Amino acid sequence: MKRTTQRKIISRMKMFPSISGVATKVLKLLDSPDSTATQVEQVLKQDPGLTANVLKITNSAYFGMPSKVGSVRQSVVLLGWERVSKMVMATCVNAIMDRSVPGYDLPPGELWRHSIAVSVTAEGLMKELKMAARDEIFTAALLHDMGKLILGSIVKEDLDSIKSAAEQGVPFQIAEQKVLGTDHAEIGGQLLESWSFPSELVSAVRWHHEPDSDPDANPITDLVHVANVLCLMIGIGVGVEGLHYEPSPSATKRLGIKPTQLELIASQTLEWANELTDVFT
Amino acid sequence: MKYIVQVGDMKVGVKGDEIVTHALGSCLGLMVYDPVAHVGGLLHAMLPLSKINPQKAEANPYMFVDKGVPCLFKEVYNLGGQKERLIVKAAGCGSPIGKNEMFKIGERNYTVLKKLLWKNNVLLKAEETGGTISRTVYLDITTGRTTIKSGREERNL
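Things to note about the overall build of chain B
Turning to step 1, where the next piece is worked out: Of regular secondary structure, chain B possesses 3 helices and 10 strands.
Turning to step 2, where the next piece is worked out: Listing the helices and strands of chain B from first to last along the sequence gives β-β-β-β-β-α-α-β-α-β-β-β-β.
Turning to step 3, where the next piece is worked out: Projected onto its principal axes, the C-alpha positions of chain B cover 45 × 40 × 25 Å.
Turning to step 4, where the next piece is worked out: A total of 157 residues make up chain B; the buried ones form 48% of that total.

In structure tokens, the structure reads:
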């Protein structure tokens, strides 16, 4: 990696706004089977802005509550712990991810829309494939492209070289590696690591373009990989690199997906993504 | 008036209108134009065959090539377009790189389109399909000019 590029990446990582400590605590509570609604409420109380947003989202048309919900505890009881924690995570990163990403040619809101779409697609695939429910899938998919926010301006400067490298027939992240010495998936993984996120989430983000390289052979990584390519194909969050990624045949084999299942999920993705995106507008 | 066609949607227009669709990846963009009546339409279809999700196809035929293409032609006829005068152009139908056949939805979209057109004796006047790029298409209903934009590059189709 060029020294100047390396310095720029490190400085951008340091300057990157840290995710709310509350979100990290919420993730930890999610890991524990003994967590209670009261505990969640206590953690959320540390961040009144976040509490207000959780209540706003709970009361949105998306959830169709028969009456106004006035407390986080009530939200957890009515919506279930899992859904509230996803909403907390999404609320925490919404402001960071809603901006434009110039180097990747993503207008304001497009990275957010893509992230939400990949989350609902990955969850949809999990259900379609009748896999055991894994709550981390939503968060892993939601955060998979965080590295693009850090690399955006750096990629912009070297875009012509990265494009020429990609034209040699290699996937875009490999072209990034050739020119920058790293790629957006690796940088996203490093960012989540610095936030002390669970290792499964870090791996899923780090290997979302190269799931065969994930040393833990984590099914979450495979799901995020497939969901990401599918969302790009249907034009959600497709940027400067277009479809210049390589879906892994081993990942689809490991998951046991049939082409009809992939198309069925594609036919539902837009509706799911629009419903959830509306909650945050 | 300017119309924007979302994924799985279709719009028709008359003289003075412009129809745009963004981010065609593996989806099919089909443009139909009658240069005499100055009417036309643009379809942005996502998947090849509606049998994958008949309920969805019932609610939104434009999501599927097999249902959306006939609907596009019918709507253009309703505005006064005539089959023998129609100029038909296609864009999109891209695919990711590699050999994973499951993700060749773009190629399957293109195959279903060609079969439909062939059965109905319709020829494509121009096309820019395949590859890995994302395309935005503009159809000017006054002149019939069709423009494709991909990143910073722009060209006529």
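Section: unusual backbone geometry
For residues that are not glycine, phi is negative in most cases, and the peptide bond is trans in most cases.
All names here are of chain A.
Turning to step 1, where the next piece is worked out: Despite not being glycine, Lys130 shows a phi value in the positive range, around 55°.
Turning to step 2, where the next piece is worked out: Note that Lys130 resides in the loop between helix H7 (110-128) and helix H8 (136-142).
Turning to step 3, where the next piece is worked out: Of note in this structure, Ser196 is not a glycine but carries a positive phi near 60°.
Turning to step 4, where the next piece is worked out: Mapped onto the secondary structure, Ser196 falls in the loop between helix H12 (184-194) and helix H13 (199-206).

Some points on the interface of chain B and chain A
The figure often quoted for interface size is the accessible area lost as the parts come together.
Turning to step 1, where the next piece is worked out: In this assembly, 27 residues from chain B lie in contact with 26 residues from chain A.
Turning to step 2, where the next piece is worked out: Its residues assigned to classes, the side of chain B that touches chain A shows 14 nonpolar, 11 polar and 2 charged.

Digging into the environment of Val65 of chain B
Residues and elements named next belong to chain B.
Turning to step 1, where the next piece is worked out: Here Val65 lies in helix H2 (residues 65-78).
Turning to step 2, where the next piece is worked out: Val65 sits in the buried class, given 27 other C-beta atoms within 10 Å.
Turning to step 3, where the next piece is worked out: When the C-alpha positions of Val65 and Ala45 are compared, they lie 5.6 Å apart, and in sequence the two are 20 residues distant.
Turning to step 4, where the next piece is worked out: With residues near it in sequence (within four places) discarded, Val65 still touches Leu28, Ala45, Pro48, Asn109, Val112 and Leu113.

What counts, and at which threshold
Residues numbered from 1 in each chain as written. Chains lettered and ligands numbered in written order. Predicted model: local features only at pLDDT ≥ 70, side-chain atom pairs only at ≥ 80, totals over all residues. Helix = DSSP H or I, 4+ residues; strand = E, 2+ residues; numbered from the N terminus. Buried ≥ 20, exposed ≤ 12 C-beta atoms within 10 Å, placed from the backbone. Contact = placed C-beta atoms within 7 Å. Nonpolar A, V, L, I, M, F, W, Y, C, P; charged D, E, K, R; others polar.

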